[in-house]
Protein chains: 2
Amino acid sequence: MTGGALERLIQILARLPGLGPRSARRAALQLVKRREVALLPLVQALEEVARTVRPCRICGNLSEADLCEVCADPERDASQICVVEDVEDLWALERAGAFKGRYHVLGGTLSALDGIGPDKLSIGPLLSRLRQGGVKEVILALGATVDGQTTAHYVADRLAELPIAVTRLAHGVPVGGELDYLDEGTLTAAFKARRSL
Amino acid sequence: MTGGALERLIQILARLPGLGPRSARRAALQLVKRREVALLPLVQALEEVARTVRPCRICGNLSEADLCEVCADPERDASQICVVEDVEDLWALERAGAFKGRYHVLGGTLSALDGIGPDKLSIGPLLSRLRQGGVKEVILALGATVDGQTTAHYVADRLAELPIAVTRLAHGVPVGGELDYLDEGTLTAAFKARRSL
């Protein structure tokens, strides 16, 4: 509509997860109209993130320091490492607060379709980390998708040589979930893993 | 999670229309992970927009030039001015392609609740523009909300002294809309304005 610059901004915004072409247009207009209180602070925040945020040297979590908060925390149990696909998953587990060990971010899953092999994931660094000793359990918290499970099996195979217990998250009915909305796979898994009350 | 910079970026993104806290977090992570292809181009596009895009001197549409595309186009009918609340609405009408005149962007609606009086809207400039002559019809394309209709009545009153026809968009059943999803107000309006086939 106004040619170059605004159109380009809209296209770039539309690629963000959660924004489609329509909401990208609304977002761009709001940014232009509120230059001082919205656009310039966003530029500033983006530049600061680009300058300061980087992957943690040990686990791949994002951090403004060399080590992330989890790796730098002496209270966290170094004998348990939870392997996740992505930083999002690490944050979700931290929000749940159920895990007090350390993490390792793979950076994705194996995917034949997308040409992602083991060398594109942080599997080598995980093995080096484990070979240093002190880790008793690796929890594979990967997605319950085909790619996630393929990756989990691959990682488990690579870890078989080490004297480390390898576990995975339980499948089952989500807390608060209604049975008749669940797929058969989840229901079957929940049935098989049933517990006595 | 990682402290300062990333948290700030997430908060700023979450204020954009269409992004909530959850999708803002995903967007921020994607931006960090794809620094070269996502974050830096976004910074560049934002800076370019901040530098080049400004309101059209005549109508308030956004433009990289002194006059917007519509005002600069000699083919557009200068005898009709369509008054809209916001640039979004102007763009929506342009996409529909139903109007070949010029526009005037008010910059909002009157709102007692938000303390927006006539002086905060571009009503004075509209009157000056009309007093220069040559305009035969003003079409008030304001939202069918209480504030939109209040504003339409206020603007119509201010225009009453001028020899200009003042019209508004028709109310009715949206094209492709099903009757039983429509509110009573729309149905009543559509009934009253019925046409012979």
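Residues numbered from 1 in each chain as written. Chains lettered and ligands numbered in written order. Predicted model: local features only at pLDDT ≥ 70, side-chain atom pairs only at ≥ 80, totals over all residues. Heavy atoms only, no water.

Thoughts on the overall build of chain A
Here is the rule we go by: Numbering of helices and strands starts at the N terminus; helices are DSSP runs of H or I of at least 4 residues and strands are runs of E of at least 2. Radius of gyration means the value over C-alpha atoms here, while the globule rule gives 2.2 Å times the residue count to the 0.38 power. Whether a residue is buried, partly exposed or exposed follows from its accessible area with a 1.4 Å probe, protein chains only, as a fraction of its type maximum: under 20%, in between, or over 50%, in that order. Working rule for contacts: check all heavy atoms of both residues, and any pair within 4.5 Å makes them a contact.
Check the secondary structure of chain A and you find 8 helices and 6 strands. For chain A, the N- to C-terminal ordering of α and β elements is α-α-α-β-β-α-β-α-β-α-β-α-β-α. The C-alpha radius of gyration of chain A comes to 21 Å, more than 25% above the 16 Å expected for a compact globule of 197 residues. Principal axes of the C-alpha set define a box for chain A whose edges measure 60 × 45 × 35 Å. A buried classification covers 41% of the 197 residues belonging to chain A. By sequence separation, contacts in chain A at least 24 residues apart represent 47% of the contacts at least 6 residues apart.

Considering the relation of the copies chain A and chain B
What counts is decided by this rule: Alignment of the copies relies on least squares applied to C-alpha atoms, considering only residues that score at least 70 for pLDDT in both.
Rotating chain A by 180° about the axis while translating it 0.0 Å along that axis superimposes it on chain B, leaving an RMSD of 0.0 Å. The transformation relating the two chain copies, once decomposed into turn and shift, fits a two-fold axis. Proximity to the rotation axis, assessed at the C-alpha, singles out Val-43 of chain A in chain A; its C-alpha lies 2.9 Å from the axis. Of the interface residues in chain A, 100% have counterparts in chain B that sit at the interface too, so the contact is made through matching surfaces.

Quick word on the packing of helix H1 (residues 4-14) of chain A against helix H2 (residues 21-33) of chain A
Residue and element names in this part refer to chain A. What counts here: Lines fitted to C-alpha atoms define the axes, with helix axes restricted to the stretch in contact, and inter-axis angles between N-to-C directions lie between 0 and 180 degrees. When describing relative orientation, an angle under 35 degrees is termed roughly parallel and one over 145 degrees roughly antiparallel, while 65 to 115 degrees is termed roughly perpendicular and anything else oblique. By convention the crossing between two helices is left-handed if the near helix lies anticlockwise of the far one by an angle smaller than a right angle, and right-handed if it lies clockwise.
At their nearest, the axes of H1 and H2 sit 8 Å apart, and the two run at 125° to each other. Classified by the angle their axes make, H1 and H2 are oblique. The element H1 and its partner H2 pack so that their crossing is right-handed. From H1, Leu-6, Leu-9, Ile-10, Leu-13 and Ala-14 reach across to H2, where they touch Pro-21, Ala-24, Arg-25, Ala-27, Ala-28, Leu-31 and Val-32.

Notes on the interface of chain A and chain B
To keep things clear, this is the line we draw: Buried area adds together the accessible area that both of two parts lose upon being put together, with accessible area traced by a 1.4 Å probe. One speaks of a salt bridge when a side-chain nitrogen belonging to Lys or Arg is within 4 Å of a carboxyl oxygen belonging to Asp or Glu. Any pair of nitrogen or oxygen atoms within 3.5 Å is treated as a polar contact; in protein, a donor-acceptor pairing is required on top of that, and neighbouring residues in sequence qualify only through side-chain atoms on both sides. Each residue gets one of three labels, nonpolar for Ala, Val, Leu, Ile, Met, Phe, Trp, Tyr, Cys and Pro, charged for Asp, Glu, Lys and Arg, and polar for the others, Gly among them.
Facing 51 residues of chain A, the contacting portion of chain B comprises 51 residues. Between chain A and chain B, a total of about 5000 Å² is buried, with carbon and sulfur atoms accounting for 69% of that surface. Our count for the contact surface shared by chain A and chain B stands at 6 salt bridges. Taking the shortest distance from any N to any O, the salt bridge between Glu-88 of chain A and Lys-33 of chain B comes out at 3.2 Å. Our enumeration of links across chain A and chain B arrives at 14 residue pairs in polar contact (both at pLDDT 80 or more). The set of elements that each furnish at least two residues to the side of chain A that touches chain B consists of H1, H2, helix H3 (35-52), strand E2 (62-63) and helix H5 (87-96) of chain A. Among the elements that take part in the side of chain A that touches chain B, H3 of chain A stands out by supplying 14 residues, more than any other. Split by residue class, the side of chain A that touches chain B holds 28 nonpolar, 8 polar and 15 charged.

So, the nonpolar core
Our working definition: We call a set of buried Ala, Val, Leu, Ile, Met, Phe, Trp, Tyr and Cys residues a nonpolar core when their side-chain atoms join them within 4.5 Å.
Ranked by internal contacts, the top residues of the largest apolar core, which has 78 residues, are Leu-13 of chain A together with Leu-6 and Leu-13 of chain B. Contact partners of Leu-6 of chain B, with chain neighbours within four places excluded, come to Val-49, Val-53, Leu-62, Glu-64 and Trp-91 of chain A together with Ala-28 and Val-32 of chain B.

Some points on the domain arrangement of chain A
When the parts of a complex come together, some accessible area is lost, and that lost area is often used as the size of the interface. Spelled out, the test is: What marks off one domain from the next here is an automatic or database domain assignment.
Segmentation of chain A into domains returns domain 1 (4-52) and domain 2 (75-168). Computed over C-alpha atoms only, the centres of domain 1 of chain A and domain 2 of chain A are separated by 34 Å.

Topic: the side chain of Ser-23 of chain A
For Ser-23 of chain A, the location among the structural elements is in helix H2. Classification of Ser-23 of chain A as buried rests on a relative accessible area of 14%.

Observations concerning the side chain of Ser-122 of chain B
Structurally, Ser-122 of chain B is set in the loop between strand E4 (101-105) and helix H6 (123-131). Every residue in contact with Ser-122 of chain B, bar those within four places of it in the chain, is listed here: His-104, Val-105 and Leu-106 of chain B.

Some points on the sheet that holds strand E6 (residues 165-168) of chain A
Residue and element names in this part refer to chain A. To keep things clear, this is the line we draw: Two strands qualify as a pair provided that DSSP identifies no fewer than 2 bridges between them.
Taken in spatial order, the 4 strands line up as E4-E3-E5-E6 in an open sheet, and their pairing is parallel. Of all the strands in the sheet, the pair left with one neighbour each is strand E4 (101-105) and E6. For this sheet, the mean angle separating the axes of adjacent strands, direction not counted, is 25°. Both strand E5 (residues 137-141) and E6 contribute to a ladder of 4 bridges, which runs parallel. Paired with Leu-140 across the strands is Arg-168, a residue of E6. The strands touched by H5 within the sheet are strand E3 (77-84), E4 and E5, with E4 carrying the most contacts at an inclination of about 160°. Against the sheet, helix H7 (residues 146-159) engages E5 and E6, with an angle of about 165° to E5.

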